[in-house]
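The residues making up each chain are set out below.
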Amino acid sequence: IRFGYARGEPVLNVDALRFFAGERIAIVGPNGAGKSTLLGVMTGEFGPSVTTCAGRIVAVPQDPDLSLFCASVREELAYAPRDLGIAGEMSTLVEAFSLGELLDRAPQALSRGQRLRTAVAAALAAKPAVLALDEPTAGQDFEQVERLMFAIERTMTGGVLLFATHDLSLALRHATRVIVLAEGRLIAEGDPAEILDRADIAALLPLNGAL
């Protein structure tokens, strides 16, 4: 994967990445390492997606407002199944993401945590093969984050979850594999506990990611 902005130096230079069904993969690294850029390239934000898979790649940006556009939470959850012509499982998503009391409310009137849960549930309604989240902990407390991650794990069976994060404890709790980027390059990947315990990796990661 090679990517650079117009008339600029390449900001992403990764030889190869392989993902397998059922994996939950945390992408970590210092600020400017290329985490969000990697997700953007993979999901087609910067042009045609570089990946091929037997299903959809759906991204939820760090700001959930960028993916919410319907008049109600109910309509957000119904949009993808209707647009794609697939069977919806709204009741399962409503229960898992605790959205029952919010269905008739406008997403823009909800709290940030509620908006994020709505955006992720709406993305999962598309039944993606790959769900990509950029900094899912932003603006969330521990309880909100855990509720979100467990809801994803409960409702996304067989697909791949990718999440870029500075929260190393989140990676340890919920990732089955971790990918470490630095200056746009892949410098390590593997078991989260083993990789994040390495002294050379710990020295690269931001202080707010301390274990």
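Just so you know, the residues in each chain are numbered from 1, in the order the chain's sequence is written. Two thresholds apply to this predicted model, a pLDDT of at least 70 for residue-level local features and 80 or more for giving and counting side-chain atom pairs, whereas whole-chain, interface and lining totals are computed over all residues. With hydrogens and water stripped out, all remaining heavy atoms of the structure feed into the side-chain values.

K.L.:
I tried to follow the packing of aromatic side chains on my own but got confused; where do I start?
P.N.:
Aromatic ring pairs are described here by two measures, namely the spacing of the ring centres and the angle between the planes. Pairing of aromatic side chains here covers Phe, Tyr and the six-membered ring of Trp, requires ring centres within 6.5 Å, and sorts the geometry by plane angle: under 30 degrees stacked, over 60 edge-to-face, intermediate tilted. Scanning all chains against the criterion turns up one aromatic pair. Here the aromatic rings of F69 and Y79 are separated by 4.9 Å at their centres, their planes lie at 90 degrees, and the arrangement is edge-to-face. Placement of F69 in the loop between strand 4 (57–60) and helix 2 (73–84) and of Y79 in helix 2 is noted, with a sequence separation of 10 residues between them. Only protein chains enter the area calculation, which uses a 1.4 Å probe; residues under 20% of their type maximum are buried, those over 50% are exposed, and those in between are partly exposed. Take Y79: its relative accessible area is 33%, and that puts it in the partly exposed class. Working definition: helices are DSSP H or I runs of at least four residues, strands are E runs of at least two. Numbering for both runs from the N terminus.

K.L.:
Looking at this structure, how should I read empty space enclosed by the protein?
P.N.:
Where empty space is left becomes clear once a probe the size of a water molecule has been rolled over the atoms. In the cavity and pocket records, a cavity denotes points on a 1 Å grid over the protein atoms alone where a 1.4 Å probe fits but cannot get out, a pocket denotes an open set with protein on both sides within 12 Å along at least 5 of 7 lines, and lining residues are residues with an atom within 4 Å of a point. Grid points are joined across faces, edges and corners, and a volume is the space filled by probe spheres set on the points. Taken as a whole and judged by the stated rule, the model has one cavity of 30 Å³ or more. Of the volumes computed, that of the largest cavity is approximately 30 Å³.

K.L.:
What am I meant to see in the confidence of the model for the chain here?
P.N.:
Predicted coordinates in regions of low pLDDT should not be interpreted in detail. The predictor rates its confidence in each residue with pLDDT, a number between 0 and 100. Chain-level statistics for the chain give a pLDDT mean of 88 and a share of 92% at 70 or above. By the convention used here, residues are in contact when the closest approach between their heavy atoms is within 4.5 Å. Note that pLDDT drops below 50 for residues 207–211; the model gives that stretch seven contacts with residues more than four away or on any other chain.

K.L.:
Please clarify how the packing of helix 2 against helix 4 (residues 112–124) should be interpreted in this entry.
P.N.:
Axis angle and axis distance: for two packed helices, these are the angle between their axes and the distance between the axes, and together they describe the pair. Axis lines are fitted through C-alpha atoms, for helices just across the contact stretch, and the angle between N-to-C directions can take any value from 0 to 180 degrees. Packing of helix 2 against helix 4 brings their axes to within 7 Å, and their N-to-C directions diverge by 25 degrees. In terms of axis orientation, helix 2 runs roughly parallel to helix 4. For the pair helix 2 and helix 4, the crossing hand works out as right-handed. For the pair helix 2 and helix 4, contact is made by V73, E76, L77 and A80 and by T118, A121 and A122, respectively. Here the term charged refers only to Asp, Glu, Lys and Arg, the term nonpolar to Ala, Val, Leu, Ile, Met, Phe, Trp, Tyr, Cys and Pro, and the term polar to all other amino acids, Gly among them. For the contact of helix 2 with helix 4, a count of residues per class yields five nonpolar, one polar and one charged. Roughly parallel here means an angle under 35 degrees, roughly antiparallel means over 145, roughly perpendicular means 65 to 115, and every remaining angle is called oblique. Handedness of a helix crossing follows the sense of rotation of the near helix relative to the far helix, less than a right angle counterclockwise being left-handed and clockwise being right-handed.

K.L.:
Can you walk me through the environment of E194 in this structure?
P.N.:
Within the secondary structure, E194 is located in helix 7 (residues 192–196). Through-space distance from the C-alpha of E194 to that of R177 is 10.0 Å; in sequence the pair is 17 residues apart.

K.L.:
Sorry if this is basic, but what is going on with the pairing of strand 6 (residues 160–164) here?
P.N.:
Residues in a regular strand project their side chains so that they alternate between the two faces of the sheet. Of all five residues that make up strand 6, five are buried, and the element is covered over most of its length. Residue alternation in strand 6 divides its side chains into two sets, V160, L162 and A164 and L161 and F163, and both sets are buried. Pairing between strands is defined by DSSP: at least two bridges between them are needed. Where strand 3 (residues 24–28) and strand 6 come together, four bridges link them in parallel fashion. Within strand 6, the position partnered with R24 by the bridge is L161. Alignment of strand 5 (residues 130–134) against strand 6, held across five bridges, turns out to be parallel. Residue pairing across strands places L133 opposite F163, the latter belonging to strand 6. Crossover strand 5 to strand 6 through helix 5 (residues 142–155) is right-handed. Crossover handedness is defined by viewing with both strands directed away from the observer: a clockwise path from the first strand over the helix to the second marks the crossover as right-handed.

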